Amino acid sequence: MKAIFIDHMGTIVQENNEYANAVIARAHKNSDAPSLQEAARAWFRIYDNLIEGANGENYRGAYDISMETFEIFNEKYNLKDDFIQLCEMLEKSWVYAPAFPDTVEFFEKCPFPIYIISNNE
C-alpha cells in the first residue's frame, strides 16, 4: 500500500451537523412536509438516489445535486424558499462540518499519504 484515499463527508466529517440541520429545518418550515423527521428522510432519500449515479462520466458536484434535490422535494412538499440560498447554506456544512472524534488520531498515526476525495465543491 502506498497511499490512503478517503471520503470527506460522512467519513472524516459529520454529515449530521448544525448547518445541514438548519437547512432541513428551514425546508420543513417552508414546505408542506408533515414533520421535521419526514422532511429530513425525504431530502436525504432524494439526495442519496441522485448522488449514486453522479460519478464517472456522469459526475456532478454536490451543489448541483443539492439544487435538484430541492426541486424534487418541492414537487412533493411544495417548498416555498430560495433554493440558491439553501444550497449556499449547505456549502457551510461541507466546509465547516465537525470532524469525527477519531479523525485527527487516524491522520496522525497513518503512515501513508492521505488523499481526501469529495464531490463537495
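Before going into details, it helps to say that this report is about the structure given with it. The shown structure was predicted, so the numbers you read here are calculated from the model rather than taken from an experiment.

So, on to a negative patch on the surface. Side chains of Asp 7, Glu 15, Asp 48 and Glu 52 sit close together on the surface and give a patch of like negative charge. With respect to the helices and strands, the residue Glu 52 is situated in helix H2 (residues 36–52). Here Glu 52 falls in the exposed class, since its relative accessible area comes to 62%.

Turning next to the side chain of Ser 93. Within the secondary structure layout, Ser 93 lies in helix H4 (residues 83–96). Not counting residues up to four positions away in its chain, the partners in contact with Ser 93 are Met 9, Glu 15, Asn 17, Tyr 19 and Ala 20.

Residues Phe 5, Tyr 115 and Ile 117 make up a contiguous nonpolar surface patch of roughly 350 Å² in combined accessible area. Along the chain, Phe 5 falls in strand E1 (residues 4–7).

With that settled, the discussion passes to the packing of aromatic side chains. For the structure on display, the rule yields 8 aromatic pairs. Judged by centre distance (4.9 Å) and plane angle (40°), the rings of Phe 73 and Tyr 77 are tilted. Taken together, the residues span about one helical turn, with Phe 73 and Tyr 77 both in helix H3 (residues 62–77) at a distance of 4 residues. Each member of the pair, Phe 73 as well as Tyr 77, carries the same accessibility label: buried. Every member of this aromatic cluster is reached through a ring pair, and the members are Trp 43, Phe 44, Tyr 47, Phe 70 and Phe 83.

What counts, and where the lines are drawn
Residues numbered from 1 in each chain as written. Predicted model: local features only at pLDDT ≥ 70, side-chain atom pairs only at ≥ 80, totals over all residues. Heavy atoms only, no water. Patch = residues over 30% accessible without salt bridge, like charges linked within 9 Å, V, L, I, M, F, W, Y side chains within 5 Å. Areas by Shrake-Rupley, 256 points an atom, 1.4 Å probe, with all protein chains shown as cover. Salt bridge = Lys/Arg side-chain N within 4 Å of Asp/Glu carboxyl O. Lys, Arg positive; Asp, Glu negative; His and termini not counted. Charge placed at Lys NZ, Arg CZ, Asp CG, Glu CD. Helix = DSSP H or I, 4+ residues; strand = E, 2+ residues; numbered from the N terminus. Buried < 20%, exposed > 50% of the residue type's maximum accessible area, 1.4 Å probe, protein only. Contact = heavy atoms within 4.5 Å. Phe/Tyr/Trp six-rings, centres within 6.5 Å; stacked < 30°, edge-to-face > 60°.

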